[in-house]
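Overview (structure and organization)
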Amino acid sequence: MASIRPCNKCGERISIRQMPHKQWVAFNVGTDDPHKCKKKNIKIKILGDISKFPSRLKTKLRKVERKTNNNTLIQINLALNYGSRQELIYAFKKINLNKKKIITEKLISNNLYTKNIPDPEILIRTGNTNRLSNFLLWQINYTEIFFIKKLWPDFNKNDFNKILNKFNKIKRNFGAI
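Below or above, wherever it landed, is the structure these notes cover. Source: prediction; values computed, not measured. Think of each chain on its own: its residues are numbered from 1, step by step along the sequence as written. With the structure being a predicted model, the display of local features is reserved for residues of pLDDT at least 70 and the display and counting of side-chain atom pairs for 80 or more, all residues being used for whole-chain, interface and lining totals. Excluded from the side-chain calculation are hydrogens and water; included are all heavy atoms of the structure.

**Some thoughts on the overall build of the protein chain**
The helix and strand inventory of the protein chain stands at five helices and five strands. Per the convention used, a helix needs a DSSP run of H or I reaching at least four residues, while a strand needs a run of E reaching at least two, with both numbered from the N terminus. When the helices and strands of the protein chain are read in sequence order from the N terminus, they spell out β-α-β-α-β-α-α-β-β-α. Within the protein chain, the fraction of its 177 residues that count as buried is 33%. For the protein chain, long-range pairs separated by at least 24 residues make up 68% of all intrachain contacts whose partners lie at least 6 apart in sequence. Per element, the accessible surface of the protein chain, about 11,800 Å² overall, is 51% carbon and sulfur. Think of it in three bands: residues with accessible area under 20% of the maximum for their type are buried, residues over 50% are exposed, and the middle band is partly exposed, with areas taken using a 1.4 Å probe on protein chains only. Contacts are assigned to residue pairs that have any heavy atoms within 4.5 Å of one another. Methods summary: accessible areas were calculated by the Shrake-Rupley approach with a probe of 1.4 Å, and residue burial reflects only the protein chains presented.

Encoded structure:
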């Protein structure tokens, strides 16, 4: 947790997707002590289907999410057992349950795991892989994507600052001509 700091240049939300659900059983980011996140004013939001996680882990994840819900300095979105197609199916099922007749972008967005979270401005894909791997596909329509050869553990502050400098030089049109 100590290595995550808010950045005035990049906003205050970070989404992290690293491992499939079986590897998350041993995961610990404030789940053992949500007071650390609360004390540092860090909000934790879980994105994904954690229904198949062990009960103890689900309880810990929901607890840290609940205890940090009002924090405002930085928000960390943890994509656990997350897939973008799965998220869209989840949203359409919720919409169908509510018997909505007119489907709009706003209606879909309001039923995603990322409801009330702004779309990302930057996506950094490490590991010399040039694909999106089913990650936030609905949300990244105007996101600037940076592919980095380094593996995640080797990615550092200098690499991040280089990306921010490149990002700040981009003229963003958001679909306009």
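**What about helix H2 (residues 55-67)?**
An α-helical turn contains 3.6 residues, so any two residues separated by three or four positions project in the same direction. Helices are assigned an expected span. That span is 1.5 Å times one less than the residue count. Taking 1.5 Å per residue, 13 residues should reach 18 Å; H2 reaches 18 Å between its end C-alpha atoms and fits that length. All of the buried residues along H2 are Leu57, Leu61, Val64 and Glu65. Down the axis of H2, the sector holding all buried residues measures 100°, keeping them to one side. What points out from H2, more than 90 degrees from its buried face, is the exposed set Ser55, Arg56, Thr59 and Arg66. Next to the buried residues of H2 lie helix H1 (34-39) and strand S2 (42-47). Arc definition: directions from the helix axis to the C-beta atoms.

**Brief notes about the pattern of salt bridges**
Within this document, salt bridges are pairs made up of a side-chain nitrogen of Lys or Arg and a carboxyl oxygen of Asp or Glu, the two lying within 4 Å of each other. Summed over the entire model, instances satisfying the criterion amount to five salt bridges. With its nearest N and O atoms 3.8 Å apart, the salt bridge here joins glutamate 65 to lysine 45. Taken together, the residues glutamate 65 in helix H2 and lysine 45 in strand S2 connect sequence positions 20 residues apart. Looking at lysine 45, the relative accessible area reads 24%, which means it is partly exposed.

**Concerning the packing of aromatic side chains**
Only Phe, Tyr and Trp rings are paired, with Trp represented by its six-membered ring, and only when their centres lie within 6.5 Å; those with planes under 30 degrees apart are stacked, over 60 edge-to-face, the remainder tilted. Inspection of the entire model under this criterion finds five aromatic pairs. An aromatic cluster of at least three residues, connected via ring pairs, comprises Tyr82, Tyr90, Tyr113 and Phe135.

**Quick notes on the nonpolar core**
Ranked by internal contacts, the top residues of the largest apolar core, which has 13 residues, are Ile44, Ile46, Leu61 and Leu80. At the level of secondary structure, the elements contributing two or more residues to this core comprise S2, H2 and strand S3 (74-79). With residues near it in sequence (within four places) discarded, isoleucine 46 still touches Leu61, Arg62, Glu65, Leu78 and Leu80. Residues belong to one nonpolar core when they are buried, are Ala, Val, Leu, Ile, Met, Phe, Trp, Tyr or Cys, and are joined through side-chain atoms within 4.5 Å. Counting residues in each nonpolar core, the second largest holds nine residues, with Leu47, Ala79, Tyr82 and Ile140 among its members.

**Looking at the side chain of glutamate 65**
On the basis of relative accessibility, which here comes to 13%, the residue glutamate 65 falls in the buried class. Two N or O atoms form a polar contact when they lie within 3.5 Å of each other; inside protein one atom must be a possible hydrogen donor and the other a possible acceptor, and for residues adjacent in sequence the pair counts only when both atoms belong to side chains. In this structure the side chain of glutamate 65 is engaged in a polar contact, spanning 2.8 Å, whose partner is the backbone nitrogen of isoleucine 46. Of note is the side chain of glutamate 65, whose polar atom sits 2.6 Å from the side chain of arginine 62. Once you skip the residues sitting within four places of it in the chain, glutamate 65 turns out to touch Ile44, Lys45 and Ile46.

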